[in-house]
Amino acid sequence: IRPFTGSDNDYEAIARVWNAAFPDEPTNAETRRHHDEHLQKEFLFERLIGEMDGTPVMNAYYGEDEWSHFPGKYRMGIQVVPEYRRMGFGGAAYNYIWDQIKNRDPRPKALTTYAREDDPDSMRFAERRGFKVAQRNQFSKLQVQSFDPAPFAGVLERVDESEVDIRSFRDLMAEDKDAFRKAYEAGWEYLQDVPFPDPIQKMPFEQYMAEIEGPWGMPESWFMAVDQGRYVGMSQLWLIPAQPRQLQTGLTGVARTHRRRGLATALKVRAISGAKEKGFETIRTDNEENNPMYLLNVKLGFKPIPSWLAYKNELGPRG
């Protein structure tokens, strides 16, 4: 196990390891580098690489959780190429990570990680070390070219006849110099009602813009619900650079003042229809398993795929 250097070769290496572990959810070096370069610098974040005879077969990271931070909360992730599992890489990485954080100030109170539910090795690895499931996020996928908007015509008609307009964010960007700031504030409003294992913090606007301008950013495939200039709903689609014909749903949300009017359905139908016109093949999304948004996705034709489990180890006052 050695430190991550930040070189092009090392970013390529961690992408290869991830893709070997999760070939149906590929990444690439460009997206990993962009992610790391735009992390908030005041929070700890480090990567590691495990090699066998000079060949990278494991990547890992650890640090503080900038998205959902409280003093003493740390996060970690370990991926090992499948044919190199049960050789001690994961355990060695975990021991190294624990050695790095156990005496930090603030002392560790919680450690979080993720495992996919069709990966029993990773689930056992976490549970043997005291992690417990904190949240299950149900992932699902839509075959875009098979999507039929006809069953939702009535909802679209009601929304079209209301005072709320469904607008392409591309059009709003051209008309309003504050469009990104408004979308940023609206998104934060909607996120308050999205289930998370722990309370979340607001991303700095500069980091938000770095996300949008990154390799996965595609604001022309966002749709907004607008009521007299106020953004009262949104549905985002993001690129998956390692899968050029696939998309990932970002945030879909509606202001509390405008719920039960069909806006979430109308926004998602418009976004999916736009993706279909552009020739995309699939859209992947995820929802906390009890979130009503999952039921809407099922109605739209999304089918369940293997889900991710959020694990948390409550370490107690002594760590």
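These notes cover the structure that comes with them. (Residues numbered from 1 in each chain as written. Predicted model: local features only at pLDDT ≥ 70, side-chain atom pairs only at ≥ 80, totals over all residues. Heavy atoms only, no water.)

Considering the side chain of T27
Moving on, step 1. Here T27 lies in the loop between helix 1 (8–21) and helix 2 (29–37).
Moving on, step 2. Among the polar contacts listed, one links the side chain of T27 to the side chain of T31, at a separation of 3.0 Å.
Moving on, step 3. With sequence-adjacent residues up to four places away left out, T27 is seen in contact with A15, W18, N19, R32 and A242. (Helix = DSSP H or I, 4+ residues; strand = E, 2+ residues; numbered from the N terminus. Polar contact = N/O pair within 3.5 Å; in protein donor to acceptor, adjacent residues only side chain to side chain. Contact = heavy atoms within 4.5 Å.)

Digging into the packing of helix 9 (residues 263–277) against helix 10 (residues 292–300)
Moving on, step 1. In contact at an axis separation of 11 Å, helix 9 and helix 10 are set at 45° when each is read in the N-to-C sense. Overall, the two elements helix 9 and helix 10 adopt an arrangement that is oblique. For the pair helix 9 and helix 10, the crossing hand works out as right-handed. On helix 10, the residues that touch A264, T265, K268, V269 and I272 of helix 9 are M293, L296, N297 and L300. (Axes fitted to C-alpha atoms, helices over the stretch in contact; angles between N-to-C directions. Parallel < 35°, antiparallel > 145°, perpendicular 65-115°, else oblique. Left-handed = near helix turned anticlockwise from the far one by under 90°.)

Some remarks on the pattern of salt bridges
Moving on, step 1. Under the criterion given, the structure shown has 27 salt bridges.
Moving on, step 2. With a closest N to O distance of 3.3 Å, K102 and D99 form a salt bridge.
Moving on, step 3. Owing to a relative accessible area of 43%, D99 belongs among the partly exposed residues under this scheme. (Salt bridge = Lys/Arg side-chain N within 4 Å of Asp/Glu carboxyl O. Buried < 20%, exposed > 50% of the residue type's maximum accessible area, 1.4 Å probe, protein only.)

Comments concerning the packing of helix 1 against helix 2
Moving on, step 1. Running from amino to carboxyl end, helix 1 crosses helix 2 at an angle of 110°, the nearest separation of the two axes being 8 Å. Compared by their axis directions, helix 1 and helix 2 come out roughly perpendicular. Here helix 1 runs over helix 2; the crossing is right-handed. Within the contact between the two elements, helix 1 uses D8, Y11, E12, I14 and A15 and helix 2 uses A29, R32, R33 and D36.

So, the packing of aromatic side chains
Moving on, step 1. In the structure shown here, the tally under the stated rule is 14 aromatic pairs.
Moving on, step 2. Aromatic side chains W18 and W308 sit 6.1 Å apart centroid to centroid with 5° between the ring planes, which places their arrangement in the stacked category. A residue pair is termed long-range when its members are at least 10 positions apart, and W18 in helix 1 and W308 in strand 12 (residues 303–314) qualify at 290 residues. With respect to burial, W18 and W308 carry one shared label: buried.
Moving on, step 3. Between F147 and F152, the aromatic rings sit 6.2 Å apart at their centres with planes inclined by 15°, giving stacked as the arrangement.
Moving on, step 4. Residue classification places F147 among the buried residues on the basis of a relative accessible area of 4%.
Moving on, step 5. Among the residues examined, F152 registers a relative accessible area of 12% and is labelled buried.
Moving on, step 6. Aromatic ring contacts, followed pair by pair, group F169, F180, W222 and W238 into a single cluster. (Phe/Tyr/Trp six-rings, centres within 6.5 Å; stacked < 30°, edge-to-face > 60°.)

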